[in-house]
Protein chains: 2
Amino acid sequence: MNALQGARDKRVRITADEKLIIDRLLLPEETTRTTLARNLGVSPAWVTKIVTPLIKRGIVTETGAAKKSGGRRARTLGINKGVGYLLGVDFGATSLNVSLASPNTEPLAEKHAAIKISDGPEQCLGMFFSVADQLLDAFSLQRSQIRGIGVGVPGPVDFSRGFLTSPPIMPGWDNYPIPGELMASYPEAVVVVDNDVNLMALGELRRGEGQYVPNMIFLKLGSDIGAGIVCEGQIYRGSSGSAGDVGHIVIEREGPLCRCGNRGCLEALAGGMAIAAEASRLAVTGESPVLSEIYRSEGRVLTAVDVGAAAAQGDLAALTLVDQSGHYVGEMLTHLVSFFNPDLILIGGGVSKIGHRFLNTVRQVILQKASPLSTRDLSIKYSDLGERAGIVGALSLAQEMLFASPVE
Amino acid sequence: MNALQGARDKRVRITADEKLIIDRLLLPEETTRTTLARNLGVSPAWVTKIVTPLIKRGIVTETGAAKKSGGRRARTLGINKGVGYLLGVDFGATSLNVSLASPNTEPLAEKHAAIKISDGPEQCLGMFFSVADQLLDAFSLQRSQIRGIGVGVPGPVDFSRGFLTSPPIMPGWDNYPIPGELMASYPEAVVVVDNDVNLMALGELRRGEGQYVPNMIFLKLGSDIGAGIVCEGQIYRGSSGSAGDVGHIVIEREGPLCRCGNRGCLEALAGGMAIAAEASRLAVTGESPVLSEIYRSEGRVLTAVDVGAAAAQGDLAALTLVDQSGHYVGEMLTHLVSFFNPDLILIGGGVSKIGHRFLNTVRQVILQKASPLSTRDLSIKYSDLGERAGIVGALSLAQEMLFASPVE
């Protein structure tokens, strides 16, 4: 059974016209009947015609009075909390993050736990159930009051089924029926599973730098490299859920061998592992005095953050490594800018903590190599939400999927 | 004034729910109330509730009886011809193509004319007016009966305003108000201007190989190289209208100088001019006996078609040139497949006439270099509509823009 098909029965059914209103109410801004009419380009009478039945059905509610702007105060509208609650779940390679929230995605509480994703789905989902129950108990909520669960996982996802598809380094997860497992314990919940980078992009889109940005690329630079794509205000997943797999775009045809089997992929040149390996080499050979010193005094594996710190101290070898990495990332992004012409590129993930010199190089390369028209309206920034992007995205996805219009 | 804003007043106003129905009726298939309900996943009663006022307003009409499938025949529905007629206009570097069609984009008649796009907008639009009047006269139609005009131009377009933006080799066209000029003569028409490659992609999407394909890339390989992008069933234009500018993606960092100022762009390696130049070299030096012979006997500039013909005769130098070009195009497309994960890539434009060996190489490179998941559902084909793709797309765009729902 298709997971979304199964989930669909539990969704709140709305018409396409009603969806226009609901989508607006899910935005974090204050909304009245008047602002709805203005923003949608429709008459106030039309808004009232659509909103009144939604209020009667207990889906929409009057939440208070708007800030005064002359005359009497208009009532603000929002999603009725009686609809139920949401869970956001963010599985990382070594961590689990669970958030309990209102249907407007305002978090009530959050809990972290250590996991090993390589321990497999039974163990990891078991940990989720236990963490989630603690959150529910704290608010005296029942599992049946959860109406939506958004789950982020660190691998490629067949979105319509909610299954991971041939994920690397995740034994046991391939085709594992996550939605079925969760729906069995949460009988009233719509369950949606997505790739973690897609959810980071969605988090930024709904609550971060990406708000109201139609076309955006969220680039996660970590030990793996991937992109979340926002196309006309919607997360874009591609035909088999692998869109944004940009870590294996070839930048140097004769470059180093990559774990994918090709040579010169971006990940093999500028991924977290590549930067760490080069940093270790610079430390051990003494080419970088600052990295040598960090390595000797702290006795641990060096990271992109160390390289950034060394560069900030004027360490020449570290500066070169930062610039080189920025150059590779900038070249790959130039391809994407030419093809996709986004309004915004956000860079997140561990490597993005390398510092602002790196971002500067990325920007320079793109401005130099892409056409002036394609960069006319382009901003390139570090991610705003940082490590919270994924969990915010998971809640947003749960919320979106809870409201179903006829064509979805 | 924003061209679409100006045009909006002349559009047929419909609600979001009505748009669901209209969009279905614009597809080329036979549609009844029953198939509408099934395809939209709604009740037959809901369809009737939405369709009845559309019929009363003269927008939708019963067009006949559907093929019998047991019981009495259901009535098929379509857009009412009384709504008005459409013009599709395709400006090329040296040609103009105008098509007159019903609101369902069934062409009534078509006319070609020779132009030079470099003569500037006054002269080229003058030619359009004269050709279009001949078409209207033949059917005793008035200009006021034209309700939509879709115009394709060979350069980057600011879609919301309908203006060309810094087009190369098109003096006088930059920021020229094409929509205003046309609307002055066609008082009832919605006028939309778009880039020619976008319209080719739209033509394939509505009436060609791309029907019902959610995510597609149409790659035009000509003297210039560009891509039209279909994202979730809609043409994607990017933040400043330059999406799909893939001819200047760098494939060989130390490659030949490109007219854009960078080195090793795809266009400088595998564009029509690059292939023609290499073919001439092979002919003059005698490295390719077959191309030498064509050059001597026909005394004209060699093209990609000649190279394809020579390769088909087993000419070794021509075979190498075909394979090399296929390789470069395949490498660029691999980047796009990794990022965009489309269902379909269609290749059109003059260079695509080089033959099937070229397509074979393109396919091999992509299968070898992209991840298995990203190519799982991917087809790569030559364009079906060929040179008609642009004009079919122009008519489809005119038709789409004629029906306006509240949020567009």
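A few points on the structure. In this text the structure is predicted, and so the values were computed from the model without any measurement. (Residues numbered from 1 in each chain as written. Chains lettered and ligands numbered in written order. Predicted model: local features only at pLDDT ≥ 70, side-chain atom pairs only at ≥ 80, totals over all residues. Heavy atoms only, no water.)

Looking at the nonpolar core
In step 1: Ranked by internal contacts, the top residues of the largest apolar core, which has 104 residues, are A:Leu219, A:Leu333, A:Ile347, B:Leu219, B:Leu333 and B:Ile347.
In step 2: Aside from chain neighbours lying at most four places away, what touches B:Ile347 is B:Leu219, B:Leu221, B:Leu333, B:Ser352, B:Leu359, B:Val362, B:Ile380, B:Lys381, B:Tyr382 and B:Ser383.
In step 3: Counting 96 residues, the second largest nonpolar core, distinct from the first, contains A:Ala16, B:Val60, B:Val230 and B:Leu402. (Core = buried A, V, L, I, M, F, W, Y, C linked by side-chain atoms within 4.5 Å. Buried < 20%, exposed > 50% of the residue type's maximum accessible area, 1.4 Å probe, protein only. Contact = heavy atoms within 4.5 Å.)

Observations regarding the interface of chain A and chain B
In step 1: Taken residue by residue, the interface counts 51 residues in chain A and 51 residues in chain B.
In step 2: Sorting the residues of chain A by area buried against chain B places A:Tyr236, A:Arg253 and A:Phe339 first, and these three jointly supply 18% of that buried surface.
In step 3: Our count for the contact surface shared by chain A and chain B stands at four salt bridges.
In step 4: Our count for the contact surface shared by chain A and chain B stands at 29 residue pairs in polar contact (both at pLDDT 80 or more).
In step 5: Only helix 2 (16-25), strand 12 (225-231), helix 12 (316-340), helix 13 (356-369) and helix 14 (372-375) of chain A provide two or more residues apiece to the side of chain A that touches chain B.
In step 6: Broken down by element, the side of chain A that touches chain B gets its largest block of residues, six residues, from helix 12 of chain A.
In step 7: Tallied by class, the residues present in the side of chain A that touches chain B amount to 22 nonpolar, 17 polar and 12 charged. (Buried area = accessible area lost by both parts, 1.4 Å probe. Salt bridge = Lys/Arg side-chain N within 4 Å of Asp/Glu carboxyl O. Polar contact = N/O pair within 3.5 Å; in protein donor to acceptor, adjacent residues only side chain to side chain. Helix = DSSP H or I, 4+ residues; strand = E, 2+ residues; numbered from the N terminus. Nonpolar A, V, L, I, M, F, W, Y, C, P; charged D, E, K, R; others polar.)

What about the relation of the copies chain A and chain B?
In step 1: For the pair chain A and chain B, the relating rotation is 180°, the translation along its axis is 0.0 Å, and the fit reaches an RMSD of 0.0 Å. These values place the two chain copies in the arrangement generated by a two-fold rotation axis.
In step 2: Mapped onto chain B, 100% of the interface residues of chain A again fall at the interface, so both copies present the same surface. (Least-squares fit on C-alpha atoms with pLDDT ≥ 70 in both.)

A short note on the environment of B:Val131
Residue and element names in this part refer to chain B.
In step 1: Relative to the helices and strands, Val131 is located in helix 5 (residues 121-138).
In step 2: With a relative accessible area of 3%, Val131 lands in the buried category.
In step 3: When the C-alpha atoms of Val131 and Ile275 are compared, they prove to be 35 Å apart, with 144 residues separating the residues in sequence.
In step 4: When residues no more than four places from it in sequence are discounted, the contact partners of Val131 are Leu96, Val98, Lys111 and Ala113.

Let's talk about the packing of helix 3 (residues 33-40) of chain A against helix 4 (residues 44-56) of chain A
Residue and element names in this part refer to chain A.
In step 1: Direction vectors running N to C along helix 3 and helix 4 enclose 120°, while the axes themselves pass 9 Å from each other. Here helix 3 is positioned oblique relative to helix 4, judged by the angle of their axes. Relative to helix 4, the crossing made by helix 3 is right-handed. Where helix 3 abuts helix 4, its residues Arg33, Leu36, Ala37 and Leu40 lie against Pro44, Trp46, Val47, Thr48, Val51 and Ile55.
In step 2: Among the residues making up the contact of helix 3 with helix 4, the classes are represented as eight nonpolar, one polar and one charged. (Axes fitted to C-alpha atoms, helices over the stretch in contact; angles between N-to-C directions. Parallel < 35°, antiparallel > 145°, perpendicular 65-115°, else oblique. Left-handed = near helix turned anticlockwise from the far one by under 90°.)

Considerations on the packing of helix 9 (residues 272-285) of chain A against helix 10 (residues 289-298) of chain A
All names here are of chain A.
In step 1: Orientation of helix 9 relative to helix 10, taken along the N-to-C sense of each, is 90°, at an axis distance of 7 Å. On the basis of the axis angle, helix 9 is roughly perpendicular to helix 10. Facing helix 9, whose interface residues are Ala279, Leu282, Ala283 and Val284, helix 10 presents Leu291, Ser292 and Tyr295.
In step 2: Residues of the contact of helix 9 with helix 10, tallied by class, amount to six nonpolar, one polar and no charged.

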